[in-house]
Amino acid sequence: MSVPLELTGLTKVFETTSGLFVAVKDVNAKVGAGEFVAILGHSGCGKSTVLSMIAGLAPPTYGGVIVDGTEVVGPGAERAIVFQSPCLLPWLTARENVRLAAAQRPGTTGRQQRATADHYLDLLGVLQDADQAPGKLSLGTQQCVSVARALSLQPRFLLLDEPFSQLDSLTRFELQDILLRVWEESDKTVVMVTHDVDEALYLADRLILMTDGPEATVGESLVVPFPRRRRRASVLGHPEYHRCRRRVIDFLEHHAHQSRPTVLDDLIRRRAVMH
Ligand SMILES: Nc1ncnc2c1ncn2[C@@H]1O[C@H](COP(=O)(O)OP(=O)(O)O)[C@@H](O)[C@H]1O
Ligand SMILES: [Mg+2]
């Protein structure tokens, strides 16, 4: 397996008002061509920090992101990112948002950019909404437009930062299915950040499980054993499904940050004070 994407000793230290904060430390991983990898971990553990370093949006403090043997020093057209919120330009239509990204490919005419935009909007099933302003569209449709915008850059790497986490579960299932079909028909390498165990098991070839922060790092890597051209029902009914799910949940429970108070802890403490 060739290794087009490699993370070597990736570390990010933030300067905060209360001192230096080591968010992620010594993250090492290899991603093969055409692989679909999910990075899974608790909220706040450092998943977005890792993805933004892969995208070249934030420089690592130590270590590096290597694409085809060359260290990443900034954003590049071969790596497109989709964020948790759609972030579309509100004064442009859905089509114009996607066309703007397509226009970043040098030497394309306006007609070609529009055709590219329509192709990807169609692929994501939202071509009928092309003339609408983002504010007129549902969150799910806006996220489809965001994925279409990322694809219209024709990247080799699609970086997804919890793109469906704000959607209701039925819309999330629908968009996961669309993403799966699009990826199956392409040769793209996907790195998707998520904290949804079922989403990761349904979509990914391999899960990278992160320990909780600070100093979050790769704790385990798990190969997802379900055969490709997956369908949700067959994945859920696969004899290995519950074993995999249990293993991931056990890992996450084991690596939950002990000192972080939860809402429940807080309620219990208050009740104790009241009685
Ligand atoms: N710019 C920043 N300055 C200081 N701390 C940050 C900054 N960005 C993220 N962090 C902290 O780094 C940790 C990881 O954040 P993040 O990567 O957003 O987590 P995740 O995506 O897993 O929810 C969190 O504790 C967060 O508060
Ligand atoms: Mg995040």
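Whatever comes next refers back to the structure up there.
1. Here's the deal with helix α3 (residues 110-123)
At 3.6 residues per turn, the α-helix brings residues three or four places apart onto the same side. In this model, α3 (14 residues) spans 20 Å end to end at C-alpha, consistent with the 20 Å of a helix rising 1.5 Å per residue. Where α3 is concerned, the buried positions are Gln-113, Thr-116, Ala-117, Asp-118, Tyr-120 and Leu-121. The elements touched by buried residues of α3 are α2 (94-102) and α4 (139-151). One or two steps after α3, the chain reaches Gly-125, where phi turns positive at roughly 75 degrees.

2. Topic: the pairing of strand β8 (residues 189-194)
Counting buried positions along β8 gives 6 out of 6 residues, so the element sits mostly inside the fold. Here β8 shows no split at all, with Thr-189, Val-191 and Val-193 on one side and Val-190, Met-192 and Thr-194 on the other all buried. Note: strand β3 (residues 36-40) against β8, 5 bridges, orientation parallel. Bridging from a neighbouring strand, Phe-36 pairs with Val-190 of β8. Where strand β7 (residues 157-161) lies against β8, 5 bridges are found, and the strand directions are parallel. If you follow Asp-161 over to β8, its bridge partner there is Val-193. The β-α-β motif built from β7, the intervening helix α5 (residues 169-184) and the parallel element β8 has right-handed crossover chirality.

3. What about the pattern of salt bridges?
Two side chains of opposite charge can pair, provided their charged atoms sit close to one another. The final tally for this structure, using the stated rule, is 19 salt bridges. Residues Arg-246 and Asp-250 are paired through a salt bridge, measuring 2.7 Å at the closest nitrogen-oxygen approach. With Arg-246 and Asp-250 both in helix α8 (residues 241-254), this residue pair falls 4 residues apart, about one helical turn. Overall, the relative accessible area of 45% leaves Arg-246 in the partly exposed class. Judged by its relative accessible area of 38%, Asp-250 falls in the partly exposed class. What you see here is one network of salt bridges that share partners, running through Arg-181, Glu-184, Glu-185 and Arg-229.

4. Points about the environment of Val-182
Note that Val-182 resides in helix α5. For the pair formed by Val-182 and Leu-151, sequence separation is 31 residues and the distance between their alpha carbons is 9.8 Å. Sequence-distant contacts of Val-182, defined by excluding residues within four places in its chain, comprise Leu-123, Leu-124 and Leu-151.

5. A few points about the state of the cysteines
In this structure the tally under the stated criterion is 0 disulfides. The cysteine Cys-87 is free of any disulfide, with Cys-144 supplying the nearest cysteine sulfur at 15 Å. Judged by its relative accessible area of 45%, Cys-87 is partly exposed.

6. Some words on the packing of α2 against α4
At a minimum axis separation of 8 Å, α2 and α4 run at an interaxial angle of 25 degrees. When the interaxial angle is binned, α2 and α4 end up roughly parallel. In this structure, the crossing between α2 and α4 has a hand that is right-handed. Between α2 and α4, the residues in contact are Ala-94, Asn-97, Val-98 and Ala-101 and Val-145, Ala-148 and Arg-149, respectively.

7. Structural notes on unusual backbone geometry
The residue after Gly-213, namely Pro-214, is reached through a cis peptide bond having omega -5 degrees. The residue Pro-214 is located in the loop between β9 (206-210) and β10 (218-223) in this model. Within the chain, Asp-68 stands out as a residue other than glycine whose phi angle is a positive 50 degrees. With respect to the secondary-structure elements, Asp-68 resides in the loop between β4 (62-67) and β5 (70-71). You can call Asp-68 partly exposed: its relative accessible area is 45%.

Rules behind the numbers
Residues numbered from 1 in each chain as written. Chains lettered and ligands numbered in written order. Predicted model: local features only at pLDDT ≥ 70, side-chain atom pairs only at ≥ 80, totals over all residues. Heavy atoms only, no water. Helix = DSSP H or I, 4+ residues; strand = E, 2+ residues; numbered from the N terminus. Expected span 1.5 Å × (residues − 1). Buried < 20%, exposed > 50% of the residue type's maximum accessible area, 1.4 Å probe, protein only. Contact = heavy atoms within 4.5 Å. Pairing = 2+ DSSP bridges. Right-handed = clockwise from strand over helix to strand, strands pointing away. Salt bridge = Lys/Arg side-chain N within 4 Å of Asp/Glu carboxyl O. Disulfide = S-S within 2.5 Å. Axes fitted to C-alpha atoms, helices over the stretch in contact; angles between N-to-C directions. Parallel < 35°, antiparallel > 145°, perpendicular 65-115°, else oblique. Left-handed = near helix turned anticlockwise from the far one by under 90°.

By themselves these figures say nothing about function.
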